[in-house]
Amino acid sequence: MDKLTERELVPGYHLACAQSRALIETLTDASLDAKAALEDVMDQFFVETATWGLDLWEQQVGIETDHSLSQADRRAAIKQSLVASGNTTAEMVRQLAEAITGYEARVIVNQDYSFSLEFLGEKNELADIDVEGLRSVVEQIKPAHLRFVISGVTWGDIESVGLTWQYFETNKMTWAEFESKFCVHAKK
């Protein structure tokens, strides 16, 4: 809430006295400071809004605190740990992939004891996804007898998102940058 004008705070006759006015102004400032402090503490209860409370979240999930990382990276690691606790299921892997990438994900389980991920978005597109980070986290939580397969972008993917040679001429990228892309399919 914004600071209210004096007229909205108290009846005008209280403001006529200098001592009352000083007391009212002091209490107004103090109550706004207390409100801001309370909101700051409340922010620490949620990973997405925590700042100084990230240390406590990391302690809770068993992550060593590294202040050299950005708050976004620290939040991502905390969310990964929260999602990764317990028995690993396809649903857990899906939630973890969504937390890491920000895209809706689908786990595809194959007959050869492997599984892969498909990403879904509002439209067909190529997206940058931290492939090694994703692989590392999934490898930590998956059962040892299953193989996690990350397939690169195929020509079929490029055609499915409607890319042409013109796209690649306009959006210059190295081969490494191209290989870091994932095909995001439109939700149906």
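All of these numbers come straight from a predicted model, not from anything done at the bench.

## Some thoughts on the pattern of salt bridges
Working step 1: The tally for this structure, following the rule as stated, stands at 12 salt bridges.
Working step 2: For E98, the salt bridge identified is with R94, shortest N-O distance 2.6 Å. In this pair, E98 and R94 are both assigned in helix 6 (residues 90–101), 4 residues apart and thus about one turn of the helix distant.
Working step 3: Of the residues examined, E98 reaches a relative accessible area of 21% and is grouped as partly exposed.
Working step 4: Residues joined by salt bridges that share partners form a network here, namely D55, E58 and R74.

## Some remarks on the packing of helix 6 against helix 7 (residues 131–141)
Working step 1: Closest axis-to-axis distance for the helix 6/helix 7 pair is 11 Å, and the angle between their directions is 155°. Accordingly, the angle class assigned to the pair helix 6 and helix 7 is roughly antiparallel. Here helix 6 and helix 7 pass one another in a crossing that is right-handed. Contacts from M92, V93, L96, A97 and I100 in helix 6 reach L134, V137, V138 and I141 in helix 7.
Working step 2: Here the contact of helix 6 with helix 7 is composed, by residue class, of 9 nonpolar, no polar and no charged.

## Overview of the nonpolar core
Working step 1: Grouped together as the largest cluster of nonpolar side chains are 19 residues, with contacts concentrated most on A97, L117, F119, L134, V138, F148 and F182.
Working step 2: Sorting the residues of this core by element identifies helix 6, strand 2 (114–121), helix 7 and strand 5 (181–186) as the ones contributing at least two each.
Working step 3: Each residue touching V138, except ones within four places of it in the same chain, is listed here: L96, F115 and F148.
Working step 4: Listed in part, the 8 residues of the second largest apolar core include L126, I158, F168 and C183.

## Concerning helix 4 (residues 54–61)
Working step 1: When helix 4 is considered as a whole, its buried residues turn out to be L54, W57 and E58. The arc that holds the buried residues of helix 4, viewed along the axis, is 100°, so those residues lie on one side. Pointing more than 90 degrees away from the buried face of helix 4 are the exposed residues L56, Q59 and Q60.
Working step 2: Taken from the residues just after helix 4, G62 is the one with a positive phi, measuring 80°.

## Concerning the confidence of the model for the chain
Interpretation of the predicted coordinates at a detailed level should be avoided for regions scoring low in pLDDT.
Working step 1: Counting all residues, the mean pLDDT for the chain is 84, and 93% of those residues have values of 70 or more.
Working step 2: For the chain, helix 1 (residues 6–9) is the element with the lowest average pLDDT, namely 60, and helix 4 is the one with the highest, namely 92.

## Thoughts on a nonpolar patch on the surface
Working step 1: A cluster of nonpolar side chains, contributed by L38, V41, M42, F45, F46, W52 and L56, occupies part of the molecular surface with about 760 Å² of accessible area.
Working step 2: The biggest single contributor to the nonpolar patch is helix 3 (residues 18–43), with 3 residues.
Working step 3: With respect to the helices and strands, the residue M42 is situated in helix 3.
Working step 4: On the basis of relative accessibility, which here comes to 43%, the residue M42 falls in the partly exposed class.

## Quick notes on the side chain of S116
Working step 1: With respect to the helices and strands, the residue S116 is situated in strand 2.
Working step 2: When near neighbours in sequence (up to four residues on either side) are disregarded, S116 contacts R106, V107, I108, N110, F148 and V149.

Thresholds, definitions, all that
Residues numbered from 1 in each chain as written. Predicted model: local features only at pLDDT ≥ 70, side-chain atom pairs only at ≥ 80, totals over all residues. Heavy atoms only, no water. Salt bridge = Lys/Arg side-chain N within 4 Å of Asp/Glu carboxyl O. Helix = DSSP H or I, 4+ residues; strand = E, 2+ residues; numbered from the N terminus. Buried < 20%, exposed > 50% of the residue type's maximum accessible area, 1.4 Å probe, protein only. Axes fitted to C-alpha atoms, helices over the stretch in contact; angles between N-to-C directions. Parallel < 35°, antiparallel > 145°, perpendicular 65-115°, else oblique. Left-handed = near helix turned anticlockwise from the far one by under 90°. Contact = heavy atoms within 4.5 Å. Nonpolar A, V, L, I, M, F, W, Y, C, P; charged D, E, K, R; others polar. Core = buried A, V, L, I, M, F, W, Y, C linked by side-chain atoms within 4.5 Å. Arc of directions from axis to C-beta. pLDDT = per-residue confidence, 0-100. Patch = residues over 30% accessible without salt bridge, like charges linked within 9 Å, V, L, I, M, F, W, Y side chains within 5 Å. Areas by Shrake-Rupley, 256 points an atom, 1.4 Å probe, with all protein chains shown as cover.

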